[in-house]
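Below are the chains, spelled out letter by letter.
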Amino acid sequence: MAGLSIQQVTKRFGETEVLKGVSLDIADGEFVSLVGPSGCGKSTLLRIIAGLEEQSAGEISIAGQSVAGQRAADRNLSMVFQSYALYPHLSVGDNIAVPLKMRRMSGMQRLPLIGRFVPGARAMAKEIGQSVDHAAQMLEIAHLLDRKPGQLSGGQRQRVALGRALVREPAAFLLDEPLSNLDAKLRVQTRAEIAQLHRRLQATFIYVTHDQVEAMTMSDRIAVMMGGRILQSAAPEVVYEDPDHIEVAEFIGSPKINILPVEIADGGRLSLMDRPLDLTIPGAVRGVASLGLRPEALRLAGENAPLRGHVVHSENLGSEMFVQVALAERQERITLRAAPDQRASLGLGTPVALDFDPQRALLFDADGTRLRGLQQVNAAASEVA
């Protein structure tokens, strides 16, 4: 296994610049997810790492060695595709064995009829078979080795694709949205299996997805990509609780973070919809900013609460409830996370007053950059964000 280093990689297709100086270091054994909306460049970056695309500028290193000009087959990387890319005419066992046969056997030894009679072919075939059996047992598909891909479910095909990557013992595993073809139940099960496989192998995984839930639940670190750039790279909990940019805050988290316009007055005092808040941002320039409030940061409050509105929609998920509130002062909706036992008091049309936890408040400037150092006015010595 090995670590990877991506330094100032750019990629242009004609006049369109898809990647704009991307840099990322991935440690040996780390599980890193590249997450972002469609078209942000994450799959292009993965293909460049794999050697399937050539970067316009920049450098990729694997285990400290530059792979510039190196073919995909020579980079010792295993890639799992969204489409599985299994050979329909081969059995599961033969599909898993393909990369080992291509690497270890000569062209004559691979011939279907006479290959077995070539010197060394039988011993090599036995060794490959043992590797296939080991991978199949690890992925719990040993009972499927004689079946064809057409006889398998989507989840089983995905395990076969993982097995084919696993037998190569690569420097790193590259996974390009491998769960997007699975239904919701299988997706939950398979992402748990991939996370467990990573823990067993202690291998380097680079995982591309647009699904933030996959990224948050499986990764040691996530790199949020927007517009061909990495906006933030950190542990999932850090990206969620301490985003560097408003685009990161809005992309990560479900339901989406609530964003409200605020004014920064002289002295850094914040006001929301002309109501002064007990929050200040020392040293900030007077002007317009954005206040980010996760649904769990909001709470029901009394008459003096800064936010007022009425309930327009609710979703009861059993263990929790999400309530959409239309604000009285603005044509906006915000989402509150509530306990199911509050359902009776949060019926459609019910007027509500909301406050928020100042320690969970996030402030962004007019350009969307995070402003840190938010403090409570009555506890100015206590930094809360």
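Our structure's up above, just so we're on the same page.
Analysis parameters
Residues numbered from 1 in each chain as written. Predicted model: local features only at pLDDT ≥ 70, side-chain atom pairs only at ≥ 80, totals over all residues. Heavy atoms only, no water. Helix = DSSP H or I, 4+ residues; strand = E, 2+ residues; numbered from the N terminus. Buried < 20%, exposed > 50% of the residue type's maximum accessible area, 1.4 Å probe, protein only. Contact = heavy atoms within 4.5 Å. Polar contact = N/O pair within 3.5 Å; in protein donor to acceptor, adjacent residues only side chain to side chain. Phe/Tyr/Trp six-rings, centres within 6.5 Å; stacked < 30°, edge-to-face > 60°. Patch = residues over 30% accessible without salt bridge, like charges linked within 9 Å, V, L, I, M, F, W, Y side chains within 5 Å. Areas by Shrake-Rupley, 256 points an atom, 1.4 Å probe, with all protein chains shown as cover. Salt bridge = Lys/Arg side-chain N within 4 Å of Asp/Glu carboxyl O. 1 Å grid on protein atoms, 1.4 Å probe; cavity = no way out; pocket = protein on both sides within 12 Å on 5 of 7 lines; lining within 4 Å. Points joined across faces, edges and corners; volume = space filled by probe spheres on them. Nonpolar A, V, L, I, M, F, W, Y, C, P; charged D, E, K, R; others polar. Axes fitted to C-alpha atoms, helices over the stretch in contact; angles between N-to-C directions. Parallel < 35°, antiparallel > 145°, perpendicular 65-115°, else oblique. Left-handed = near helix turned anticlockwise from the far one by under 90°.

Enquirer: What is the right way to look at the overall build of the chain in this model?
Expert: A tally of helices and strands in the chain yields 8 helices and 23 strands. Counting only C-alpha atoms, the chain reaches 85 × 50 × 40 Å along its principal axes. When each of the 385 residues of the chain is scored for burial, the buried share is 47%. Of all intrachain contacts in the chain linking residues separated by at least 6 positions in sequence, the fraction that spans at least 24 positions is 66%.

Enquirer: Looking at this structure, how should I read the side chain of Ser5?
Expert: When you line up the elements, Ser5 lands in strand 1 (residues 4-13). Here Ser5 falls in the buried class, since its relative accessible area comes to 19%. Within the local environment of Ser5, its side chain forms a polar contact with the side chain of Asp25, the two groups lying 2.7 Å apart. With residues near it in sequence (within four places) discarded, Ser5 still touches Leu24, Asp25, Glu59, Ile60 and Ser61.

Enquirer: Before we go on, may I ask you to explain the packing of aromatic side chains in this structure?
Expert: The geometry of an aromatic ring pair comes down to the distance between the two centres and the angle between the two planes. For the coordinates displayed, the defined rule picks out 3 aromatic pairs. Arranged with centres 5.9 Å apart and planes meeting at 35°, the rings of Phe31 and Tyr207 form a pair that is tilted. Pair noted here: Phe31 is in strand 3 (residues 31-35) and Tyr207 is in strand 8 (residues 205-209), with a separation of 176 residues, a long-range link. Each member of the pair, Phe31 as well as Tyr207, is classed as buried. Pairing Phe173 with Phe205 gives two aromatic rings, centres 4.9 Å apart and planes at 35°, and the pair type is tilted. Separated by 32 residues along the polypeptide, Phe173 in strand 7 (residues 172-176) and Phe205 in strand 8 bring together distant segments of the chain. For Phe173, a relative accessible area of 2% corresponds to the buried category.

Enquirer: Would you mind going over a nonpolar patch on the surface with me for this structure?
Expert: On the surface, Met108, Leu111, Leu113, Ile114 and Phe117 cluster together into a nonpolar patch covering about 550 Å² of accessible area. A relative accessible area of 35% means that Leu111 is categorised as partly exposed.

Enquirer: Looking at this structure, I do not really get the layout of surface pockets. What am I missing?
Expert: Any empty space left between the atoms is revealed when a probe the size of a water molecule rolls over them. Roughly 520 Å³ of volume is contained in the largest pocket. Leu77, Ser78, Met79, Pro99 and Arg168 are the residues nearest the centre of the largest pocket, which is lined by 19 residues in total. Sorting the residues of the lining of the largest pocket by element identifies strand 6 (77-80), helix 2 (92-104) and helix 4 (154-166) as the ones contributing at least two each. Sort the elements by how many residues they give to the lining of the largest pocket and helix 2 lands first, with 4 residues. Taken together, the residues of the lining of the largest pocket break down into 15 nonpolar, 1 polar and 3 charged. Approximately 410 Å³ is the volume attributed to the second largest pocket. For the lining of the second largest pocket, the elements supplying multiple residues, two or more each, are helix 2 and helix 3 (121-138). The residue makeup of the lining of the second largest pocket, split by class, is 8 nonpolar, 2 polar and 5 charged.

Enquirer: In this structure, what is going on with the environment of Met216? I would like to understand it.
Expert: The residue Met216 is located in helix 6 (residues 212-218) in this model. The exposure class assigned to Met216 is partly exposed, which follows from its relative accessible area of 25%. For the pair Met216 and Val188, spaced 28 residues apart in sequence, the C-alpha to C-alpha distance is 13 Å. Beyond its immediate chain neighbours, meaning those up to four positions away, Met216 contacts Ile222, Pro236, Tyr240 and Ile252.

Enquirer: Can you help me understand the packing of helix 4 against helix 5 (residues 184-201) in this one?
Expert: Helix packing for two helices is described by the angle between their axes and how far apart those axes are. Interaxial distance between helix 4 and helix 5 falls to 11 Å at its minimum, and their mutual angle equals 20°. In terms of their interaxial angle, helix 4 and helix 5 are classed as roughly parallel. Here helix 4 and helix 5 pass one another in a crossing that is right-handed. Across the interface between the two elements, Gly155, Gln158, Arg159, Leu162 and Leu166 of helix 4 pack against Leu186, Gln189, Thr190, Glu193, Ile194, Leu197 and Leu201 of helix 5.

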